[in-house]
Amino acid sequence: MVAVRDRKDRAAFAQLFRHFAPRVKAFLMKAGTEAALAEDCAQDVLATVWQKAHLFDPSRASVATWVFTIARNRRIDIARRDRRPEPEALDWGGDSHEPDQADVFEAAQETRRLTEALSTLPEAQRALVARAFYGDLSHSEIAAETGLPLGTIKSRIRLALDRLRTRMS
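Residues numbered from 1 in each chain as written. Predicted model: local features only at pLDDT ≥ 70, side-chain atom pairs only at ≥ 80, totals over all residues. Heavy atoms only, no water.

Visitor: Could you give an account of helix H2 (residues 10–30), with specific residues and numbers?
Guide: Its 21 residues place the ends of H2 29 Å apart at the C-alpha level, agreeing with the 30 Å of an ideal helix rising 1.5 Å per residue. At phenylalanine 20, H2 shows its maximal bend, which comes to roughly 35 degrees, and the proline proline 22 appears one to four places after that position. All of the buried residues along H2 are Ala12, Phe13, Leu16, Phe20, Ala21, Val24 and Leu28. The elements touched by buried residues of H2 are helix H1 (2–7), helix H3 (35–51) and helix H4 (63–83). Structurally, the start of H2 carries an N-cap: the backbone nitrogen of alanine 11 is 2.9 Å from a side-chain oxygen of aspartate 9. Two residues or fewer past H2, glycine 32 is found with a positive phi of approximately 105 degrees. (Helix = DSSP H or I, 4+ residues; strand = E, 2+ residues; numbered from the N terminus. Expected span 1.5 Å × (residues − 1). Bend = angle between axes of the 7 residues up to and from the residue. Buried < 20%, exposed > 50% of the residue type's maximum accessible area, 1.4 Å probe, protein only. Contact = heavy atoms within 4.5 Å. Polar contact = N/O pair within 3.5 Å; in protein donor to acceptor, adjacent residues only side chain to side chain.)

Here is the structure:
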């Protein structure tokens, strides 16, 4: 792993790949991931190992711990993505009921309050909340786009949501 990290050594990476790919796939399948998805995910995990090799620190974790942490996080991202509910089917025919004006007014007030609360957040938090909720991106996807560490992304979003929750209550 050090050769991959320090010199982008392809031969060393090939050895890492041969060693870890089947183990990561088995780990994911044991966690309930289908075989084809586990294989795709294992390849994605090892591609991340190659891309993020510069972040490996042997004083913090072993190679196996680092690789399987990446795999665990990827499995969580997949589970979150798969659990997102599908939008409800809307019935556009027949009944043309107008929405209750009180509900419309209340929704508009909530939207205004939320917009005001969002405007009070620091820009770094507001941008991440927008990417997560309006852009429908996972924390890992945001980290990949921004180059910020995943922990920083999670912390900023958690702080922003706490501030919004306090402000809205």
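What follows picks up the thread again.
Visitor: Which residues make up the packing of aromatic side chains, and what are the values?
Guide: According to the stated counting rule, one finds five aromatic pairs in the structure shown. Each ring, one from phenylalanine 27 and one from phenylalanine 68, has its centre 5.5 Å from the other, and the planes form 75 degrees; the classification is edge-to-face. Here phenylalanine 27 is found in helix H2, whereas its partner phenylalanine 68 is found in helix H4, with 41 residues between them in sequence. Phenylalanine 27 gets classed as partly exposed once you look at its relative accessible area, which sits at 28%. Every member of this aromatic cluster is reached through a ring pair, and the members are Phe13, Phe17 and Trp50. The ring of tryptophan 50 is capped by lysine 8, whose NZ or CZ atom sits 4.7 Å from the centre of that ring. (Phe/Tyr/Trp six-rings, centres within 6.5 Å; stacked < 30°, edge-to-face > 60°. Lys NZ or Arg CZ within 6 Å of the ring centre and 35° of its normal.)

Visitor: Tell me about the pattern of salt bridges, and name the residues and values.
Guide: Inspection of the entire model under this criterion finds nine salt bridges. One salt bridge connects arginine 74 with aspartate 44, and the closest N-O pair in it is separated by 2.2 Å. Taken together, the positions of arginine 74 in helix H4 and aspartate 44 in helix H3 put the pair 30 residues apart, joining distant regions of the chain. What makes arginine 74 buried here is its relative accessible area of 18%. Residue aspartate 44 is classed as partly exposed on the basis of its relative accessible area, which comes to 35%. For glutamate 110, the salt bridge goes to arginine 113, with nearest N and O atoms at 2.8 Å. Of the two residues, glutamate 110 and arginine 113 are both situated in helix H5 (residues 101–119); the distance of three residues between them amounts to about one turn of the helix. (Salt bridge = Lys/Arg side-chain N within 4 Å of Asp/Glu carboxyl O.)

Any functional reading would require information that these geometric values do not contain.
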